[in-house]
Amino acid sequence: MVITVQEPSVICGEFPSILHNEDYTIWEGHLSVEVNQFKIKMFIPSYPLMTDASFECTPYIKSCLQSHVDNLKKCKTLLNLLYCIIHIIKSKLAIATLPKDLWNGNMVKLSHTVLMELEKSLSKENVLEIKESFKTVKLKYNDIDGNEHILLFNVTSEYPKGNINILEIDLPLEVVESLAKVNTIGQLYDLFKQSIDSLLPFWRICKNLDEKSWVVEPSKPQKRDVYRRILISEYLSVVLTFNPFDLSSYPDVKFLGSMKAVAEGKTKYIRNLELFGWKEEVDVAENLIHLFEIEKLPVKVSTYETIGSENECYICFMNTIENEEPPSKWCNNPQCSSWYHHSCLVQWLQMVVSCAELSDHISGTCPYCGEKLWCQLRKND
Amino acid sequence: MALRFSKSKHNTKVILDGERWERRLQKELMSLIKEPPPGVVVDSDQGENLSLWTIKMRGAEGTLYEGENFTLQFKFSPKYPFDSPEVTFIGPNIPVHPHVYSNGHICLSILTDDWSPALSVQTVCLSIVSMLSSCKEKKRPPDNSFYVKTCNKNPKKTKWWYHDDTV
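Under an unreviewed UniProt entry, the name given to chain B is N-terminal E2 ubiquitin-conjugating enzyme, and the source organism is Nezara viridula.

Chain A has the name E3 ubiquitin-protein ligase FANCL in an unreviewed UniProt entry, where Nezara viridula is given as its organism.

Okay, structure coming up:
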């Protein structure tokens, strides 16, 4: 049999409730036989060849197909196999009444509604996953800067009634709040795309700042983060909070550091801001250099040979640990490259007799460079 | 010459997450096998017991120890890396060095007082290699015979007086 290149599109046309993955090796969805829907997942590892093909289905369908395995094995194409399966089920249905493991009408309606909406508002390659009987959906959107954005949500079984719950998203809080108010999947995805497109200028500013300065916090900036704590000098850092939708206004600035450095920095900043203003034509880094009257912003350097790779805790040599925030920078020595999990650092400081433990924080020295440092104690320490 | 009186800086309050430290040891072993410091050879087969390692060390070229082979033993307590490893030279050839006793004990501050959890087997090996390499005269510590007769088997129980900081 000749396999035509259009087979996937033919299958999609004939069986609209079946979705395939990128390389056509997994086909998942529902087969309609008369008024009934059957869940099926097919694995075609060497598609379009049917070598080693297999599928998962409900026990009832399996029992229907069992005696026809040899016939199914003869199918040389997926389309052929699907027709074959439907034919067998049809003939069985004619003599048997429907068992309980078939989908109830409600579920069929839900799957139709969800699929129709997905089809209407976005192309298939943007649907990454559909799980839990069409209730959980993972979508993606690639912006023109080449970033992939993920949106994971679920709907109630009464959809389109009830709320859409967003389970996973990496966008600023106010965007997530507005997304939570929409009622349909179509509207949700449209607003998701719109928000991302309107945030692009903001993310470009952040990317530029991240490259030109030493970002102390967040340790790994995400798309949702609208603030950056960056070093101005050895003893002064500032927290810049942006309004991602109004980039013409300058960021809100908070000063952190030694009393003397903060007082000096603040005076310069306020005076220069009044005199010269925030220049829109140059980037954030350039503005900070002017306003703080410094030659350049400190950039991240590591003069020490690192033991592990970046972002690994210098105490346990691990990055991710369950129920634990990722390692972050605790030592204020700009030359020191150390990162620690909060729990690892606290555990060490508590073992060192010379460390001063006060009610809510503990101070000691950095295990890596010896610089004085302190960190907060949390309730469970 | 810097004299310091050693005080134990660790108290006993430890809440251990066994798995975390076992994973660190495993990781250290792998990286040491893959990229050992110069002159250091680690046998990938350290046996079942992850808390006891033997490491072979070769005297560096152009130093007093050129051509000599040594064996180091690392013992890790369950409190590692908050507690320093117990490091001693073992086997027939103990380097003759002003900071190494004839029973294999090493007088090196990072092994006791100056230990920090950010140090590792790798950094300890490097310190020992550089301690040997910078030696100008092969001799035992001045108090060797008294120390070897009276000391505890565990070198960490010794209250060290560091002879000097330079070697």
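That shown, we press on.
Description of the overall build of chain A
What chain A contains, in helices and strands, is ten helices and 15 strands. Within chain A, the proportion of its 381 residues that are buried is 44%. A fraction of 46% describes how many contacts in chain A between residues 6 or more apart in sequence connect residues 24 or more apart. Roughly 20800 Å² of accessible area belongs to chain A as shown, and the carbon and sulfur atoms make up 52% of that amount.

Describing the sheet that holds strand β13 (residues 356–357) of chain A
Residues and elements named next belong to chain A. Pairing is antiparallel across the open sheet formed by three strands, whose spatial order is β13-β14-β15. Two strands close off the open sheet at either side, each with one partner strand: β13 and β15 (372–376). When strand β14 (residues 361–365) meets β15, the two strands line up antiparallel, connected through five bridges. Among the inter-strand pairings, T365 is bridged to a residue of β15, identified as K372. On the sheet, helix α10 (residues 342–351) packs against β13, β14 and β15 and is oriented at approximately 115° with respect to β15.

Some details on the environment of K92 of chain A
Structurally, K92 of chain A is set in helix α4 (residues 78–95). Put simply, K92 of chain A and C64 of chain A are 28 residues apart on the chain and 6.7 Å apart in space, counted from C-alpha to C-alpha.

Observations concerning the pairing of strand β7 (residues 148–154) of chain A
Residues and elements named next belong to chain A. In terms of residue burial, β7 counts as a mostly covered element, since five of its seven residues are buried. In sequence, strand β6 (residues 136–142) turns back onto β7 through a hairpin of five residues, with G146 there showing a positive phi of about 85°. In the sheet, β7 pairs with strand β8 (residues 165–168) via three bridges, with the strands oriented antiparallel. Following the sheet pairing, N154 is matched in β8 by N165.

Focus on the nonpolar core
Ranked by internal contacts, the top residues of the largest apolar core, which has 61 residues, are W53, I55 and F74 of chain B. Top element by residues in this core is helix α2 (residues 121–133) of chain B. It accounts for seven residues. V114, Y159, A285 and L291 of chain A belong to the second-largest nonpolar core, a separate cluster that totals 52 residues.

What to know about the packing of aromatic side chains
Under the counting rule described, the total for this entry stands at 20 aromatic pairs over all chains. By way of ring pairs, the aromatic residues W53, F74, F76, Y80 and W115 of chain B are connected into one cluster. One residue, R24 of chain B, lies across the ring of F317 of chain A, its end atom 3.9 Å from the ring centre.

Overview of the pattern of salt bridges
All names here are of chain A. Here the structure, examined in full by the defined rule, presents eleven salt bridges over all chains. Among the ionic pairs, D170 bridges to R224, the shortest N-O distance being 3.6 Å. Of this pair, D170 sits in the loop between β8 and α6 (173–179) while R224 sits in the loop between β9 (215–217) and β10 (227–233), placing them 54 residues apart in sequence. The exposure class of R224 is partly exposed, given its relative accessible area of 42%. Here E293 makes a salt bridge to R271, at a shortest N to O gap of 2.8 Å. Of the two residues, E293 sits in the loop between α9 (284–291) and α10 while R271 sits in helix α8 (residues 259–276), which places them 22 residues apart along the sequence. Among the residues examined, E293 registers a relative accessible area of 42% and is labelled partly exposed.

What counts, and where the lines are drawn
- Residues numbered from 1 in each chain as written.
- Chains lettered and ligands numbered in written order.
- Predicted model: local features only at pLDDT ≥ 70, side-chain atom pairs only at ≥ 80, totals over all residues.
- Heavy atoms only, no water.
- Helix = DSSP H or I, 4+ residues; strand = E, 2+ residues; numbered from the N terminus.
- Buried < 20%, exposed > 50% of the residue type's maximum accessible area, 1.4 Å probe, protein only.
- Contact = heavy atoms within 4.5 Å.
- Areas by Shrake-Rupley, 256 points an atom, 1.4 Å probe, with all protein chains shown as cover.
- Pairing = 2+ DSSP bridges.
- Axes fitted to C-alpha atoms, helices over the stretch in contact; angles between N-to-C directions.
- Core = buried A, V, L, I, M, F, W, Y, C linked by side-chain atoms within 4.5 Å.
- Phe/Tyr/Trp six-rings, centres within 6.5 Å; stacked < 30°, edge-to-face > 60°.
- Lys NZ or Arg CZ within 6 Å of the ring centre and 35° of its normal.
- Salt bridge = Lys/Arg side-chain N within 4 Å of Asp/Glu carboxyl O.

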